[in-house]
Amino acid sequence: MSDLLTKADAAKLLGLTPAAVSLIEKKGGLQAQRTEGGVRLFRRADVEELSRERLSAGAREGGKR
């Protein structure tokens, strides 16, 4: 299992669209590394942490998102 995820892989893990992942990155909620070709790669640990935070926030809000 790779430590780096593409935007599409991060989106799948988070249950979001790739565009939403880009927006989260733009707002500073997720940091990406860029390859020489410009592909964004996200650390798996960072994506999993964001996923846990989103689940926790949803539970605190009674499941609302």
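Structure: above.
Calculation notes
Residues numbered from 1 in each chain as written. Predicted model: local features only at pLDDT ≥ 70, side-chain atom pairs only at ≥ 80, totals over all residues. Heavy atoms only, no water. Helix = DSSP H or I, 4+ residues; strand = E, 2+ residues; numbered from the N terminus. Contact = heavy atoms within 4.5 Å. Core = buried A, V, L, I, M, F, W, Y, C linked by side-chain atoms within 4.5 Å. Buried < 20%, exposed > 50% of the residue type's maximum accessible area, 1.4 Å probe, protein only. Pairing = 2+ DSSP bridges. Arc of directions from axis to C-beta. Axes fitted to C-alpha atoms, helices over the stretch in contact; angles between N-to-C directions. Parallel < 35°, antiparallel > 145°, perpendicular 65-115°, else oblique. Nonpolar A, V, L, I, M, F, W, Y, C, P; charged D, E, K, R; others polar.

Another aspect to go through is the side chain of Glu-25. Note that Glu-25 resides in helix H2 (residues 18–26). Other than its neighbours up to four places away in sequence, Glu-25 contacts Leu-30, Ala-32, Arg-34, Arg-40 and Phe-42.

Counting 10 residues, the largest nonpolar core is built from Leu-5, Ala-10, Ala-11, Leu-14, Val-21, Ile-24, Leu-30, Phe-42, Val-47 and Leu-50. Those elements that provide at least two residues to this core are helix H1 (7–14), H2 and helix H3 (44–60). With 3 residues, H1 is the single largest residue contributor to this core. If near-sequence neighbours (up to four positions away) are discounted, Leu-50 is found in contact with Leu-14, Ile-24, Gly-29 and Leu-30.

Across 3 bridges, the pairing between strand E1 (residues 4–6) and strand E3 (residues 40–43) is antiparallel. Within the sheet, the bridge partner assigned to Leu-5 lies in E3 and is Phe-42. Bridge analysis of strand E2 (residues 32–34) against E3 gives 3 bridges, and the strand direction is antiparallel. Across the sheet, Gln-33 pairs through a bridge with Leu-41, a residue of E3.

A few words on H2. Val-21, Ser-22, Ile-24 and Glu-25 are the residues of H2 that are buried. Down the axis, H2 shows its buried residues gathered within 160° of arc, on one side only. Facing away from the buried surface of H2 by more than 90 degrees, the exposed residues are Ala-19 and Lys-26. Looking one or two places after H2, you find Gly-28, whose phi comes out positive at around 90°.

Moving on: the packing of H1 against H2. Look at H1 against H2: their axes get within 8 Å of each other, and the N-to-C directions meet at 95°. Classified by the angle their axes make, H1 and H2 are roughly perpendicular. The segment H1 lies against H2, with Lys-7, Ala-8, Ala-10, Ala-11 and Leu-14 engaging Pro-18, Val-21 and Ser-22. When grouped by side-chain class, the residues that make up the contact of H1 with H2 number 6 nonpolar, 1 polar and 1 charged.

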